[in-house]
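So you can see what is in the structure, the chains are spelled out below.
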Amino acid sequence: MSGTRSDGELLRAVAGEGDRRAFEELYRRYAPWLTARLRGRCADPGVVDDVVQETFLAVWRGSARYRADGDVAGWLWRIGSRRLIDVLRGDGARGRLRQALGRLRHREEVSAEERVLAGVEHGDLAGALVRLSPELRAVLQATVVDGLTTREAAVLLGIPPGTVKTRAMRARKQLREALA
(Lines give C-alpha, C1' and ligand atoms only; values in the text may rest on other atoms or scores of the structure.)
Protein backbone atom coordinates (compact mmCIF):
# COMPACT_ATOMS: atom_id res chain seq x y z
CA MET A 1 0.00 0.00 0.00
CA SER A 2 1.24 3.48 -0.84
CA GLY A 3 2.11 5.96 1.89
CA THR A 4 0.37 8.77 0.02
CA ARG A 5 -2.43 10.30 2.06
CA SER A 6 -5.67 11.54 0.52
CA ASP A 7 -6.44 15.25 0.40
CA GLY A 8 -9.02 14.80 3.15
CA GLU A 9 -6.52 13.02 5.38
CA LEU A 10 -3.99 15.79 4.83
CA LEU A 11 -6.49 18.51 5.65
CA ARG A 12 -7.67 16.72 8.78
CA ALA A 13 -4.05 16.37 9.92
CA VAL A 14 -3.37 20.05 9.28
CA ALA A 15 -6.56 21.25 10.98
CA GLY A 16 -6.57 18.81 13.89
CA GLU A 17 -2.92 18.35 14.70
CA GLY A 18 -1.11 21.22 12.99
CA ASP A 19 0.81 18.57 11.06
CA ARG A 20 3.52 20.47 9.20
CA ARG A 21 4.41 17.54 6.93
CA ALA A 22 0.78 17.15 5.88
CA PHE A 23 0.65 20.86 5.15
CA GLU A 24 3.84 20.70 3.08
CA GLU A 25 2.49 17.74 1.11
CA LEU A 26 -0.77 19.59 0.45
CA TYR A 27 1.22 22.65 -0.64
CA ARG A 28 3.41 20.64 -3.02
CA ARG A 29 0.33 18.95 -4.42
CA TYR A 30 -1.72 22.10 -5.11
CA ALA A 31 0.47 25.24 -5.12
CA PRO A 32 1.75 24.78 -8.71
CA TRP A 33 -1.79 24.13 -9.96
CA LEU A 34 -3.24 27.12 -8.08
CA THR A 35 -0.40 29.34 -9.32
CA ALA A 36 -1.06 28.35 -12.94
CA ARG A 37 -4.81 28.98 -12.57
CA LEU A 38 -4.31 32.37 -10.93
CA ARG A 39 -1.79 33.44 -13.58
CA GLY A 40 -4.61 33.02 -16.07
CA ARG A 41 -6.37 35.83 -14.21
CA CYS A 42 -3.42 38.03 -13.28
CA ALA A 43 -0.26 38.72 -15.30
CA ASP A 44 1.74 39.93 -12.28
CA PRO A 45 3.66 36.90 -10.95
CA GLY A 46 4.43 38.72 -7.69
CA VAL A 47 0.74 39.25 -6.97
CA VAL A 48 -0.05 35.65 -7.89
CA ASP A 49 2.71 34.33 -5.61
CA ASP A 50 1.42 36.49 -2.74
CA VAL A 51 -2.14 35.24 -3.27
CA VAL A 52 -0.99 31.60 -3.32
CA GLN A 53 0.91 32.18 -0.07
CA GLU A 54 -2.11 33.90 1.52
CA THR A 55 -4.36 31.05 0.41
CA PHE A 56 -2.20 28.40 2.03
CA LEU A 57 -1.63 30.59 5.08
CA ALA A 58 -5.42 30.66 5.55
CA VAL A 59 -5.43 26.86 5.36
CA TRP A 60 -2.59 26.58 7.89
CA ARG A 61 -4.12 29.05 10.33
CA GLY A 62 -7.49 27.38 10.02
CA SER A 63 -9.27 30.55 8.93
CA ALA A 64 -10.40 28.69 5.81
CA ARG A 65 -12.71 25.82 6.73
CA TYR A 66 -12.92 22.75 4.53
CA ARG A 67 -16.08 20.65 4.45
CA ALA A 68 -15.16 17.02 4.03
CA ASP A 69 -17.67 16.53 1.23
CA GLY A 70 -16.12 19.01 -1.20
CA ASP A 71 -13.38 18.95 -3.80
CA VAL A 72 -10.10 20.25 -2.33
CA ALA A 73 -8.96 21.83 -5.60
CA GLY A 74 -12.26 23.69 -5.96
CA TRP A 75 -12.11 24.80 -2.33
CA LEU A 76 -8.56 26.14 -2.75
CA TRP A 77 -9.57 27.83 -6.00
CA ARG A 78 -12.44 29.63 -4.26
CA ILE A 79 -10.11 30.87 -1.52
CA GLY A 80 -7.41 31.92 -3.99
CA SER A 81 -9.72 33.57 -6.49
CA ARG A 82 -11.44 35.59 -3.75
CA ARG A 83 -8.09 36.71 -2.37
CA LEU A 84 -6.96 37.69 -5.87
CA ILE A 85 -10.09 39.75 -6.39
CA ASP A 86 -9.47 41.49 -3.06
CA VAL A 87 -5.89 42.31 -4.05
CA LEU A 88 -6.76 43.50 -7.55
CA ARG A 89 -9.54 45.71 -6.32
CA GLY A 90 -7.66 46.84 -3.26
CA ASP A 91 -10.93 46.91 -1.44
CA GLY A 92 -12.94 44.96 1.09
CA ALA A 93 -16.39 43.43 0.80
CA ARG A 94 -18.15 46.69 1.65
CA GLY A 95 -16.30 48.51 -1.16
CA ARG A 96 -17.28 45.80 -3.62
CA LEU A 97 -20.90 46.14 -2.56
CA ARG A 98 -20.72 49.89 -3.06
CA GLN A 99 -19.26 49.38 -6.55
CA ALA A 100 -22.09 47.01 -7.41
CA LEU A 101 -24.58 49.53 -6.08
CA GLY A 102 -23.01 52.32 -8.08
CA ARG A 103 -23.75 50.42 -11.27
CA LEU A 104 -27.39 50.13 -10.23
CA ARG A 105 -28.01 53.78 -9.29
CA HIS A 106 -30.05 54.50 -12.42
CA ARG A 107 -32.94 52.42 -11.11
CA GLU A 108 -35.87 54.00 -9.32
CA GLU A 109 -36.55 50.97 -7.14
CA VAL A 110 -34.20 50.34 -4.26
CA SER A 111 -32.15 47.30 -5.19
CA ALA A 112 -31.60 44.27 -3.02
CA GLU A 113 -27.90 45.15 -2.94
CA GLU A 114 -28.67 48.61 -1.53
CA ARG A 115 -30.83 47.01 1.12
CA VAL A 116 -28.07 44.53 1.89
CA LEU A 117 -25.61 47.40 2.29
CA ALA A 118 -28.07 49.14 4.59
CA GLY A 119 -28.35 45.87 6.49
CA VAL A 120 -24.58 45.70 6.84
CA GLU A 121 -24.60 49.13 8.39
CA HIS A 122 -27.66 48.49 10.58
CA GLY A 123 -27.15 44.85 11.54
CA ASP A 124 -29.97 43.28 9.49
CA LEU A 125 -27.71 41.49 7.03
CA ALA A 126 -26.98 38.40 9.08
CA GLY A 127 -30.65 37.65 9.63
CA ALA A 128 -31.56 38.19 5.99
CA LEU A 129 -28.68 36.13 4.64
CA VAL A 130 -29.12 33.26 7.07
CA ARG A 131 -32.62 32.73 5.69
CA LEU A 132 -31.29 32.27 2.16
CA SER A 133 -30.48 28.75 1.04
CA PRO A 134 -26.75 27.93 0.78
CA GLU A 135 -27.09 27.84 -3.02
CA LEU A 136 -28.49 31.38 -3.14
CA ARG A 137 -25.89 32.68 -0.67
CA ALA A 138 -23.09 31.15 -2.79
CA VAL A 139 -24.36 32.94 -5.91
CA LEU A 140 -24.61 36.26 -4.02
CA GLN A 141 -21.10 35.77 -2.66
CA ALA A 142 -19.70 35.12 -6.12
CA THR A 143 -21.58 37.78 -8.07
CA VAL A 144 -22.11 40.63 -5.62
CA VAL A 145 -19.42 40.33 -2.98
CA ASP A 146 -16.66 38.84 -5.17
CA GLY A 147 -17.77 40.78 -8.24
CA LEU A 148 -17.52 37.85 -10.63
CA THR A 149 -19.37 37.82 -13.92
CA THR A 150 -22.17 35.33 -14.42
CA ARG A 151 -19.85 33.13 -16.47
CA GLU A 152 -17.05 33.29 -13.88
CA ALA A 153 -19.50 32.50 -11.08
CA ALA A 154 -20.82 29.55 -13.07
CA VAL A 155 -17.31 28.12 -13.44
CA LEU A 156 -16.48 28.77 -9.80
CA LEU A 157 -19.70 27.20 -8.51
CA GLY A 158 -19.83 24.41 -11.08
CA ILE A 159 -23.31 25.29 -12.34
CA PRO A 160 -24.64 26.58 -15.69
CA PRO A 161 -24.72 30.38 -16.26
CA GLY A 162 -28.51 30.29 -16.54
CA THR A 163 -28.70 28.76 -13.08
CA VAL A 164 -26.48 31.53 -11.72
CA LYS A 165 -28.85 34.13 -13.18
CA THR A 166 -31.94 32.40 -11.82
CA ARG A 167 -30.47 31.99 -8.35
CA ALA A 168 -29.28 35.60 -8.29
CA MET A 169 -32.77 36.77 -9.21
CA ARG A 170 -34.33 34.57 -6.49
CA ALA A 171 -31.78 35.74 -3.91
CA ARG A 172 -32.44 39.42 -4.70
CA LYS A 173 -36.18 38.87 -4.44
CA GLN A 174 -35.88 37.10 -1.11
CA LEU A 175 -33.51 39.79 0.23
CA ARG A 176 -35.91 42.55 -0.85
CA GLU A 177 -38.70 40.82 1.04
CA ALA A 178 -36.56 40.11 4.11
CA LEU A 179 -35.14 43.63 4.33
CA ALA A 180 -38.41 45.44 3.58
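Everything here concerns the structure above.
Let me sum up the structure you'll find in this document. (Residues numbered from 1 in each chain as written. Predicted model: local features only at pLDDT ≥ 70, side-chain atom pairs only at ≥ 80, totals over all residues. Heavy atoms only, no water.)

Helices and strands together make up the secondary structure of the protein, namely 10 helices and 0 strands. Ordered by position from the N terminus, the helices and strands of the protein form the series α-α-α-α-α-α-α-α-α-α. Across the 180 residues that make up the protein, the buried fraction comes to 39%. On the protein, roughly 10,500 Å² of surface is accessible, and the fraction owed to carbon and sulfur atoms is 50%. (Helix = DSSP H or I, 4+ residues; strand = E, 2+ residues; numbered from the N terminus. Buried < 20%, exposed > 50% of the residue type's maximum accessible area, 1.4 Å probe, protein only. Areas by Shrake-Rupley, 256 points an atom, 1.4 Å probe, with all protein chains shown as cover.)

Next up on the list: the nonpolar core. Core analysis: the biggest nonpolar cluster contains 35 residues, and L26, Y30, L38, V52, F56, V59 and L76 have the highest contact counts within it. Every element with two or more residues in this core is listed here: α1 (7-17), α2 (20-39), α3 (45-61), α4 (72-89), α8 (134-145), α9 (150-157) and α10 (161-179). In terms of residues, this core owes the most to one element, α4, which gives 8 residues. Those residues in contact with L76 that lie beyond four places of it in its chain are Y30, L34, T55, F56 and V59. By size, the runner-up hydrophobic cluster in this structure holds 8 residues, among which are A128, L136, V144 and L175. (Core = buried A, V, L, I, M, F, W, Y, C linked by side-chain atoms within 4.5 Å. Contact = heavy atoms within 4.5 Å.)

On to the packing of α8 against α9, then. For the pair α8 and α9, interaxial distance at closest approach is 9 Å and the crossing angle is 135°. In terms of orientation, α8 and α9 fall into the oblique class. At the point where α8 passes α9, the crossing takes the right-handed sense. Every residue of α9 that contacts α8 at A138, V139, A142 and T143 is listed here: A153, L156 and L157. By residue class, the composition of the contact of α8 with α9 is 6 nonpolar, 1 polar and no charged. (Axes fitted to C-alpha atoms, helices over the stretch in contact; angles between N-to-C directions. Parallel < 35°, antiparallel > 145°, perpendicular 65-115°, else oblique. Left-handed = near helix turned anticlockwise from the far one by under 90°. Nonpolar A, V, L, I, M, F, W, Y, C, P; charged D, E, K, R; others polar.)

The next thing to look at is the side chain of T35. Summarising the element assignment, T35 is placed in helix α2. On the accessibility criterion, T35 (14% relative accessible area) is buried. Looking at T35, its side chain comes within polar contact range of the main-chain oxygen of A31, at 2.8 Å. Once residues lying within four places of it in the same chain are set aside, the contact partners of T35 are V48, D49 and V52. (Polar contact = N/O pair within 3.5 Å; in protein donor to acceptor, adjacent residues only side chain to side chain.)

Because an α-helix packs 3.6 residues into every turn, residues spaced three or four apart end up facing the same way. Between its first and last C-alpha atoms α2 spans 27 Å; for 20 residues at 1.5 Å apiece the expected length is 28 Å, and the two agree. Its maximal kink placed at Y30, α2 deviates by approximately 40°, while the proline P32 follows within four residues. All of the buried residues along α2 are A22, F23, E25, L26, Y30, A31, L34, T35 and L38. Between a side-chain oxygen at the N-terminus of α2 and the backbone nitrogen of R21 the separation is 2.9 Å; the capping residue is D19. (Expected span 1.5 Å × (residues − 1). Bend = angle between axes of the 7 residues up to and from the residue.)

The relative placement of two aromatic rings is captured by the distance of their centres and the angle of their planes. Tallying each qualifying case throughout the model produces 4 aromatic pairs. Seen from their ring centres, F23 and F56 are 6.3 Å apart, and the 75° between their planes marks the pair as edge-to-face. Taken together, the residues F23 in helix α2 and F56 in helix α3 connect sequence positions 33 residues apart. Seen in terms of ring centroids, Y27 and F56 are 4.8 Å apart; in terms of plane orientation they differ by 70°. Their pairing is edge-to-face. Of this pair, Y27 sits in helix α2 while F56 sits in helix α3; the two residues are 29 residues apart in sequence, bridging distant segments of the chain. What makes F56 buried here is its relative accessible area of 1%. (Phe/Tyr/Trp six-rings, centres within 6.5 Å; stacked < 30°, edge-to-face > 60°.)

Below, the discussion takes up the environment of D49. Mapped onto the fold, D49 is located in helix α3. On a C-alpha basis, the gap between D49 and A31 in space is 9.4 Å, while along the polypeptide they are 18 residues apart. With residues up to four places along the chain from it excluded, the contact list for D49 reads T35 and R39. Separated by 3.4 Å, the side chains of D49 and R39 make a polar contact.

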